[in-house]
Each structure stands twice: as C-alpha cells, then as structure tokens.
Protein chains: 2
Amino acid sequence: MKKLAIGVDIGGINTAFGLVDENGDMYGESVVSTKKFPYFDQYPAYIDELCEGIKILLRGVDFEYELVGIGIGAPLANHYEGILDNPSNLWKWRETDDASGSRILHIVDDIKKQFGGVKVVMTNDANAAAIGEMMYGGAKGMSDFVVVTLGTGLGGGIVANGKLVYGHDSFAGELGHIIVEKGGRLCGCGRRGCLETYVSATGIRRTVSMLLAERNDPSELRDIPFNQLDSLMITQAAERNDPIALAAYEYTGRVLGEALADVVTLNSPEAIFLFGGLAKAGRFIFEPTKKYMEDAMLFIFKDKVKLLPSSIDGKNAAILGASALVWQNDEK
Amino acid sequence: MKKLAIGVDIGGINTAFGLVDENGDMYGESVVSTKKFPYFDQYPAYIDELCEGIKILLRGVDFEYELVGIGIGAPLANHYEGILDNPSNLWKWRETDDASGSRILHIVDDIKKQFGGVKVVMTNDANAAAIGEMMYGGAKGMSDFVVVTLGTGLGGGIVANGKLVYGHDSFAGELGHIIVEKGGRLCGCGRRGCLETYVSATGIRRTVSMLLAERNDPSELRDIPFNQLDSLMITQAAERNDPIALAAYEYTGRVLGEALADVVTLNSPEAIFLFGGLAKAGRFIFEPTKKYMEDAMLFIFKDKVKLLPSSIDGKNAAILGASALVWQNDEK
C-alpha cells in the first residue's frame, strides 16, 4: 500500500498543503487563506478550515494508501514542543483581547486531534527545506550539509551526522543572523550587521542603493524606486551588463561566500545548497559566492565543499520540505 | 567485570596515557616521549614504545577487567580514517628521506594490530575534550553543547543531537579559525583575523602588546618581554588590578563573547564549556565573555545558554577525553 505524507506550509498570506509519497511525488495540493484569520481568537477557525481542506484532499485520493503523518513548516516553529510562541507575523493580538490569554498556539496537538492521533511534526521553513533536500533532493545520502534559503530574509538548515541540528531549544540554524559586519546594517532583529541584511532579496536591494550612492556608473536601476526593486530586476539588469547590478551580485556573493567559509570551519559540510529567489540568479550569485568562499577558506577545507542549487526548489518546495519531516525519525 | 578504556594523548613533547573506567576514574597512567622520535622513519619505533608502555600499565592492574578499547587524541587527527596526514608538528620529514614515501600515518591500525584487534578510535584534542565532558563531566545528559579549548591555540568540539559534529571530512569544529576581524591579526594558518589570534594563550599576549602600545597606563607587564609573557602572569597582574591586564581580559572576553554569540545562532547549545589555560583566569575571562556574549545574542537565545568551566579540566583531562571516545558508538 502506498504511504503518503501531508506537507503543510504556513505562510502569512496562504497556507499551502499537499500529498507527497516517499519519492517526493505529489498527489494533489490545495491552499487555504491564512490572512482570512488575522487575529489570535480566529486561530481555532483557521485550524478547522485547514484540517477540513486536508480531509477534502485525502477524500480525492483514488487508490489505497496509508497516511503516515503530517509535516508542517512555519516561521519560528518550536520543533520540540510543537508550538508557535506568539507568532505575531501570522496572528495579531488585539487590545480588546484578554491580556492574560495565552499567545502560545499548540498547532501540532490541535491538528493531531483532528486526525486521530496520526504523527504530526513541525519545524521552520529552512529546516524543512533541508530535510526535503535530504529526503527527495540533491542531499540524498549526505550526512553533513547545509541549506541556505534566500527569501525576504535568509534561513539556514544544518544537517550533521544525518540529523537536522535543532539545538537545545529547537532554534538552531539561524544563519541569517550571524554578524558579518560589526556595526553594519540595521536588522529587523534589532541588531546590526546580520548576514540577512546583506544577503537576501531585501539585502541586495540595500546593496544596490549603497552602490548607487557610492558610484557614478549609469544604471537602469537608477530609475527604479527602492521599494519597487526586486532581485529579478537586478538579475535582468545584470544580464544586460548593468555595472551596478553586476557589482551588487559581486558584493552579495562576497559577503555570503565569506560567511559560508566560517560555517564550513565549524560544520565541514559536504555541500551547501542555495534555495529561493536570489539563488535563481544563477551564475551571478554562484560564481562570486564560490570564489570568495574558497578565497576565505581555511586550508584544510579548500576545494572540498560543493556549492549547489537546491534541486527541490520550485513552487512546491515548501510543501515537499514540510512533508519530508514525516519520514524522519527524530523525536527528542 | 570492570570495563576499562585506555586514553592516549599524543602531544609534541610527550604522549601521556592512562586506564580509565566508565565513571572517569583513573587506574594508572604513564608517559612516553614523543620528541625522542622526531623523524618520520622513527614512527614505527615510537608506536612500539607506546604500545609496550600501555602493556606494562595493563600488567599492573590487580583486578579482573575487560579492555574495551583505546581512544587517542592527536592534533588534526582524521577520525573517519584513523590517520594523521603529514603531522609535521609531531614528526619531521628529512631531506635524505625518500621523497616518494608516504607521510600518512595509520596510527589506529598500527595500534590495533598490537592489541589483537581491540577497538581503537582517534580524534583531535578538542573533540576528545568534548566527548570527555559529555561522558564524565558537566555535559552529562546534554544533547547539544560546545567545548572551547583555550591553549596555545583555540580548539572547538561541537555536540549536536548527542553526537560530536565531525563534518564530512572529520575536521569540523575548527572554532579557532572563524574570522572575527577581517584583515586582522596574522594567523598561523596563513589567513588574518582568526579567533585564536585573539583568544588563546598567544592571543592574549598579543592583546597585551597592543594595549601597551595604545595606552599610557603604568603596568607591571611593561617589564616583561613578549616572549616571556604567559596568561598566568596576566592573571596575577589582573588580581593586583593592573589596568593593562584587566583591559586585556576585557578585550579577550569581548572577542570571545561575540564569536560565541554567532556559534549559538548556528548551533543553539545548552551550554558552552571553557577548557584550558585561559579558562583558569576565572572571573577575569568568564565575566566579560558572558557579558559580551549576551549583549551580542539574537533575542531568541538571550539568557538561555550557560557559560561554564570544564569540569574535567586538570592534569588528566586529555587522557580522560581520549578514553571517553571508546564508550561512544559513532562509527561512520
């Protein structure tokens, strides 16, 4: 009988979910709105709608199967406790709410209840991407590797000895928040110089802005307001040899490459996978990143570590990654 | 029947070894000279002398026991292959030697042969210290922690999910070589700004020298030549409120604390243990390190991570650490 897992990707706008087998083949997917339920007191209704959506998807399966479990990817998820602690990016607390109310959402237990106690596991998006890469993608058979997710921010999933490194509180792998420049760019976390302020969709936008200020080269990027600039525009400009766009990728690759050299010094992975928007810039990001990583590398690690594009990256990657959690045996 | 392990610590001057049980109790120890055999072609004679020394130690045991295995700690040891690859810090190649000869020493196999195939395992000193801390010391029962060894250089042993992080080539954990200051102090590895050029016995000596240049405070350290200065002298001066000595520890603690904040961001350990010479400076090193680590920490990790002195640190620590390898089940 075919074994199936559900992968659920909880985002601020939508929650996408799908049915996946052990090979990473998808047997249907669907979506419910997250933002339809903006407040904490609407969270139970959100869970009902999500579970109903999953059940509808399952009813559509026209072959015999065993549901092995449900894997969930969500920002700042606590893997060990199966909770989200005050996820203000997903649900808001209102002034009219009871101030003493709990802002801890027991997502794993709440979903488990509606599925007769089936295995439910949750982690953050970058960790899910790493497990997806190991289960279905280019990291199959690797014991030690790192996945870097390049979105609005920068996330990391570190695998050592064949297991995801969660750390003692389940929050390990926050690669976007290692400090790469003391007193550098202000980060959303309140500190300065975090990697993700340089290397991410928003990071490269800041870099373009910096270069426009520092340099006099003509550039098509001088006609685009900061708020409208995205990494695809920068890539397209780079393809037309725009000097600012090329310099922005060179700069981004240097910061990322030097940071990855330190990650290698600590973890010595077999490969590092780049995942997400910026990784789609191809050679513009891979070439400088690889060059500066190797230049910065401690001699014992030189020319050993592969820098690769994620092979599960695509529209279903987040669902795939979340579903992959189910096949892991990593209860604490 | 009591189970015993042999711990062997291979250093440039001496090789110390001892008999240890599962609780970390020692049942005898001994030493052979490493530097008596300075050249590669003397390595077989060295192995014979070491194995003979171990056998003499075993013959002295006056109760029934089972020898479970031999654990070895050596600089830059390759754990997976059980070899040392051109260990020029231990054995020298002579111009008169056959240039095509192998400089790879199969220490694990060579010792195993002399002990009838008993389990023999090798790793580097800092990793051995981490496993010793987990087996006999303050990390007992912890799944995620880091040991920082502060000697002439700085070593690291990272444990995640209850297993030492060796990385794909067994060289992970080189914490002393993360770059903390771009273009900073020249390191023995040929790069600039490595953590160990600031935080180690030699690092703090360089810091004292820098402070003597930058500042005008009177200091007893102004009367000691660079080459004679050691961390004990700096600690004793700090105890007498010497302003340069105090500032040197403050500076060292800042560099270490900020680096550890990044390690926490990646690995989220439950505790970080400081081991070795500099750690003996007590509050002079622990207080600034803790303060700057917490100041630099990403909010989700603040006030969660313990900074502790190693509890196996002492004259037998290296033997204890090496012996602890034997009780691990971590064959690749």
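About the criteria used
- Residues numbered from 1 in each chain as written.
- Chains lettered and ligands numbered in written order.
- Predicted model: local features only at pLDDT ≥ 70, side-chain atom pairs only at ≥ 80, totals over all residues.
- Heavy atoms only, no water.
- Buried < 20%, exposed > 50% of the residue type's maximum accessible area, 1.4 Å probe, protein only.
- Helix = DSSP H or I, 4+ residues; strand = E, 2+ residues; numbered from the N terminus.
- Pairing = 2+ DSSP bridges.
- Axes fitted to C-alpha atoms, helices over the stretch in contact; angles between N-to-C directions.
- Parallel < 35°, antiparallel > 145°, perpendicular 65-115°, else oblique.
- Left-handed = near helix turned anticlockwise from the far one by under 90°.
- Contact = heavy atoms within 4.5 Å.
- Nonpolar A, V, L, I, M, F, W, Y, C, P; charged D, E, K, R; others polar.
- Phe/Tyr/Trp six-rings, centres within 6.5 Å; stacked < 30°, edge-to-face > 60°.
- Least-squares fit on C-alpha atoms with pLDDT ≥ 70 in both.
- Salt bridge = Lys/Arg side-chain N within 4 Å of Asp/Glu carboxyl O.
- Polar contact = N/O pair within 3.5 Å; in protein donor to acceptor, adjacent residues only side chain to side chain.
- Expected span 1.5 Å × (residues − 1).
- Domains from an automatic or database assignment.
- Buried area = accessible area lost by both parts, 1.4 Å probe.
- Lys, Arg positive; Asp, Glu negative; His and termini not counted.
- Core = buried A, V, L, I, M, F, W, Y, C linked by side-chain atoms within 4.5 Å.

Draft legend 1. Broad picture of the pairing of strand S9 (residues 154-160) of chain A. Residues and elements named next belong to chain A. When you tally the buried positions in S9, you get seven out of seven residues, the bulk of the element. In S9, alternate side chains face the same way, and those of Leu154, Gly156, Ile158 and Ala160 on one face and Gly155, Gly157 and Val159 on the other are all buried. As defined by bridge partners, strand S8 (residues 145-150) adjoins S9 across six bridges and the pair is classed as antiparallel. Residue Val147 lies in a different strand from S9, and its bridge partner there is Gly157. In this antiparallel pair of consecutive strands, S8 and S9, the connection spans three residues. In terms of strand pairing, S9 meets strand S10 (residues 163-164) through two bridges, oriented antiparallel. In the strand pairing of S10, Val159 is matched with Leu164. Hairpin geometry of S9 and S10 is characterised by an intervening segment of two residues between the two adjacent antiparallel strands and by a positive phi of about 55 degrees at Asn161.

Draft legend 2. A look at the packing of helix H1 (residues 43-59) of chain A against helix H2 (residues 107-114) of chain A. Residues and elements named next belong to chain A. It is the contact of H1 with H2, at a shortest axis distance of 10 Å, that shows an interaxial angle of 45 degrees. When the interaxial angle is binned, H1 and H2 end up oblique. H2 is crossed by H1, and the crossing has right-handed handedness. Along the contact surface, H1 presents Tyr43, Ile47, Asp48, Leu50, Cys51 and Lys55, while H2 presents Ile107, Asp110, Ile111 and Gln114. Class assignment of the residues belonging to the contact of H1 with H2 gives a composition of six nonpolar, one polar and three charged.

Draft legend 3. Molecular detail of the packing of aromatic side chains. All names here are of chain B. This model, assessed by the stated rule, comprises 18 aromatic pairs over all chains. Relative to Phe63, the ring of Tyr27 has its centre 5.4 Å away and its plane inclined at 70 degrees; by these criteria the two rings are edge-to-face. Of this pair, Tyr27 sits in strand S3 (residues 26-33) while Phe63 sits in the loop between helix H1 (43-59) and strand S4 (65-73), and the two are 36 residues apart along the sequence. For Tyr27, a relative accessible area of 29% translates into the label partly exposed.

Draft legend 4. Inspection of the relation of the copies chain B and chain A at higher detail. In screw terms, the move from chain B to chain A is a rotation of 180 degrees and a rise of 0.0 Å along the axis, fitting with an RMSD of 0.0 Å. Accordingly, the operation relating the two chain copies is best matched by a two-fold axis. Minimal C-alpha distance to the rotation axis in chain B is attained by Ala160 of chain B, lying at 3.8 Å. A shared binding surface is used by both copies, with 100% of the interface residues of chain B retained as interface residues in chain A.

Draft legend 5. Here's a closer look at the interface of chain B and chain A. Facing 44 residues of chain B, the contacting portion of chain A comprises 44 residues. Here chain B and chain A share four salt bridges between them. Connecting chain B to chain A are 22 residue pairs in polar contact (both at pLDDT 80 or more). Elements with a contribution of two residues or more to the side of chain B that touches chain A: strand S9 (154-160), strand S10 (163-164) and helix H6 (243-267) of chain B. Sorting elements by how many residues they give to the side of chain B that touches chain A places H6 of chain B first, with six residues.

Draft legend 6. The sheet that holds S10 of chain A, seen in detail. Strand order in the open sheet formed by five strands is S10-S9-S8-S11-S12 (chain A), with mixed pairing between adjacent strands. Edge strands, defined here as strands with exactly one partner in the open sheet, are S10 and strand S12 (306-309) of chain A.

Draft legend 7. Examining helix H7 (residues 283-296) of chain B more closely. All names here are of chain B. Between its first and last C-alpha atoms H7 spans 19 Å; for 14 residues at 1.5 Å apiece the expected length is 20 Å, and the two agree. Among all positions in H7, only Phe284, Ile285, Phe286, Pro288, Thr289, Tyr292, Met293, Glu294 and Ala296 are buried. Buried-residue contacts for H7 involve helix H5 (231-239), H6, strand S11 (271-275) and strand S12 (306-309).

Draft legend 8. Examining unusual backbone geometry more closely. A positive phi angle is found at Asp303 of chain A, which is not glycine, with a value near 55 degrees. Looking at where Asp303 of chain A falls in the secondary structure, it is placed in the loop between helix H7 (283-296) and S12. For Ser170 of chain B, which is not glycine, the phi torsion reads 80 degrees and is therefore positive. Looking at where Ser170 of chain B falls in the secondary structure, it is placed in the loop between S10 and helix H4 (201-214).

Draft legend 9. Spotlight on the domain arrangement of chain A. Residue and element names in this part refer to chain A. Segmenting chain A into domains produces domain 1 (2-130 + 317-327) and domain 2 (141-309). For domain 1 and domain 2, the distance between their C-alpha centres works out to 29 Å. Domain 1 puts 13 residues into the contact, and the matching count from domain 2 is 16 residues. Between domain 1 and domain 2 lies a buried interface of about 1100 Å² when both sides are counted; carbon and sulfur atoms form 62% of it. Three residues stand out in domain 1 for area buried against domain 2, namely Tyr80, Asn127 and Ala130, and they jointly supply 42% of the buried area on that side. Linking domain 1 with domain 2 are zero salt bridges, by the criterion used here. In this assembly, domain 1 and domain 2 are joined by four residue pairs in polar contact (both at pLDDT 80 or more). Residue classes in the side of domain 1 that touches domain 2 are distributed as eight nonpolar, five polar and no charged.

Draft legend 10. Looking closely at the packing of H4 of chain B against H6 of chain B. All names here are of chain B. Orientation of H4 relative to H6, taken along the N-to-C sense of each, is 125 degrees, at an axis distance of 9 Å. The orientation of H4 with respect to H6, classified from their angle, is oblique. Note on packing geometry: the crossing formed by H4 with H6 is right-handed. Contacts between H4 and H6 pair Ile204, Thr207, Val208, Met210, Leu211 and Leu212 from the former with Ile244, Ala247, Ala248, Tyr249, Tyr251 and Thr252 from the latter. Among the residues making up the contact of H4 with H6, the classes are represented as ten nonpolar, two polar and no charged.

Draft legend 11. Fine view of the side chain of Arg185 of chain A. All names here are of chain A. Mapped onto the secondary structure, Arg185 falls in the loop between S10 and helix H4 (201-214). Buried charge without a partner: Arg185 forms no salt bridge, and the closest opposite charge is Glu214, 7.7 Å away. One polar contact links the side chain of Arg185 to the main-chain carbonyl oxygen of Thr197, over a distance of 2.9 Å. Side-chain polar atoms of Arg185 contact the backbone oxygen of Gly203, separated by 3.2 Å. When near neighbours in sequence (up to four residues on either side) are disregarded, Arg185 contacts Arg191, Arg192, Gly193, Cys194, Thr197, Tyr198, Gly203, Arg206, Thr207, Met210 and Tyr251.

Draft legend 12. Representation of the nonpolar core. Membership of the largest hydrophobic core comes to 113 residues, with the highest contact counts inside it found for Ile272 of chain A together with Ile272 of chain B. Look past the residues within four positions of Ile272 of chain B in its chain and what remains in contact with it is Val146, Val148, Leu260, Val264, Met293, Val305, Lys306, Leu307 and Leu308 of chain B.

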